Amino acid sequence: MNKMDINPLEDTESDAALAYAEERRENIRTFVRTNPDYYIANFDKIGASSRFTPTFNLMAGLFGPIWFGARGLWSWALPFLILEALAFVQIARGLFGDLAADAMARIASIEGTLDLRRQQLAAAIESGSDRVDAFRRTVESLEANIGGIRDEADALAAQGPTIVLTGIVILILAKAAQATVANWALEARFSEWMSDRSIRSGLPVSHIVFSAIFMILIVATAMLHYSFPGRYSLLSAFPTDPDIRLTSITWVEDFIAWCVRNSEAFFEGLTFGIRTLLDALEIILVQTPWIVIASLIILLTWLTAGLRTAIYSGAFLAYMGLLGFWEAAMTTLALLGTAACLSIAIGIPLGMFAARRPRFYAFIQPIMDFMQTMPAFVFMVPVIAFFGVGKPAAVVVTMIFGGTPVVRLTVLGLRGVPESVREAAISFGANKWYLLTKVDLPLASPSIRAGINQTIMLSLAMVVVASLIGAKGLGEDVLEALQYANVGQGILAGFAILFCAMILDRIVQGARK
């Protein structure tokens, strides 16, 4: 066949193909360090197909997780370590474990009771008591229970060979799986190493030693714990001292008390500001005639999300009014509005400041992670210490839980503004204020609006929790339903909370959602 008729991509005899193959072999030698000819042959076989190609690696099969860990394949080493640990535990339990230990402990406990009942029976016979028959039946029942448990213990002890055999089967299957996938996993790591030479290659002695010690320690600990339960207290319970916990509690309480004493004026001023805003919103939403508030909400929904959504909003408001949830719903909206307004007023400027300052954002990110992941009932404790029980404390708890999304999404939106657009605006003479208000914020507005929406939704999710510390509204109805197992009231109040969330979501997102 003429060389001109051969596809260059399929020509394995060309100078370029031969040079590439030789370079690949050199790279494999550099990567594996040990037994390169074996790995070159297997890597070529694996690379020739896009599907999984089974091969056999004897060393991986023999040493299992130790081999994978030494090669840096920890994502494979840990699952195989669990399988092998399970297999060795089963083998050790079957060979050396006391399988009937629990049953014998139950027998020992019953025998103590049986001795007492026998003494009572002997005393009753000696005194001629009319309870002799009752004591005799009790003794016979306990003896029958002991006999049944002894049979159970014998049956458990007889399961030793079966457990050993099960462990051996699991171990063989795990070894076979490791030997089969080892080269395939290592070839995938070699491909990653080709594009990123910082990935560890070779088989360093230090990694072999660390992997071996780690794997052997894990397996040996598991075998001792499950084969001889309760014998080694260090493996059953973490070594600690109750005084450590008590001392830590005292330190935390002293610190909180010190903070309360030295910041009373600050928190009183903060409480006054929150209460002022909350009272203003309650006057608007609760004391204003319902028809005015309903009309304004329906009109606002119509302007932002369309006629159909406005009709749905009207139906939701009618639901709340007809079932007697109107005042509670407006109280909830006032509380939510206060928390959301403060969160948005603080969160958007904070996000704008952090968007162009990576170090500052890296500083506040763990704080926001703490605010979002810490259970609400935990940070309610210091909030009550600083703000007392009541609506201001509920507003603060709601802000802590729901205030972070607007910061994160503001940062995300501003960082997502294309640099080419910003450079074009700067080249036309835009100053920093124009760049922020006319370029960055408009382009980041979808993300910022999503952050506002998430803040409102998370704040509304705190309605029931906030009712525990004095917040009124729909959360109080749900809490009362929980206390008295009033299913109907709980479901109806829950739907009212849902409808409040849907109305706010449509108003914030609008027709552009």
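Structure first, text after, so check above.
Now for a quick tour of the structure. (Residues numbered from 1 in each chain as written. Predicted model: local features only at pLDDT ≥ 70, side-chain atom pairs only at ≥ 80, totals over all residues. Heavy atoms only, no water.)

A few words on the packing of helix α20 (residues 419-427) against helix α21 (residues 432-461). Packing of α20 against α21 leaves a shortest axis separation of 11 Å and a crossing angle of 165°. Relative to α21, α20 is oriented roughly antiparallel. Seen from above, α20 lies across α21 with right-handed handedness. Seen from α20, the contacting residues are V421, R422, A425 and I426; seen from α21, they are L435, V439, D440 and L443. Per-class residue counts for the contact of α20 with α21 are 6 nonpolar, no polar and 2 charged. (Axes fitted to C-alpha atoms, helices over the stretch in contact; angles between N-to-C directions. Helix = DSSP H or I, 4+ residues; strand = E, 2+ residues; numbered from the N terminus. Parallel < 35°, antiparallel > 145°, perpendicular 65-115°, else oblique. Left-handed = near helix turned anticlockwise from the far one by under 90°. Contact = heavy atoms within 4.5 Å. Nonpolar A, V, L, I, M, F, W, Y, C, P; charged D, E, K, R; others polar.)

Turning our eyes to something else, we now look at helix α17 (residues 376-387). Between its terminal C-alpha atoms α17 stretches 16 Å, which fits the 16 Å expected from 12 residues at 1.5 Å a residue. Residues A376, F379, M380, V383 and F387 constitute the buried set of α17. Buried residues of α17, seen end-on, are gathered within an arc of 120° and therefore sit on one face of the element. With respect to the buried face of α17, the exposed residues turned more than 90 degrees away are F377 and V381. Contact partners of the buried residues in α17: α12 (264-287), α16 (358-373), α18 (391-402) and α22 (463-466). Backbone geometry just downstream of α17 places G388 in the positive-phi region, at approximately 80°. (Expected span 1.5 Å × (residues − 1). Buried < 20%, exposed > 50% of the residue type's maximum accessible area, 1.4 Å probe, protein only. Arc of directions from axis to C-beta.)

Here R24 shows up in helix α1 (residues 15-32). With near-sequence residues (within four places) excluded, R24 lies in contact with F43, D44, E187 and F190.

Now for unusual backbone geometry. Of note, R33 is a non-glycine position whose phi angle comes to about 70°, a positive value. Along the polypeptide, R33 turns up in the loop between α1 and α2 (36-47). Overall, R33 belongs to the exposed group, its relative accessible area being 53%. With a phi close to 55°, A485 is a non-glycine residue in the positive phi region.

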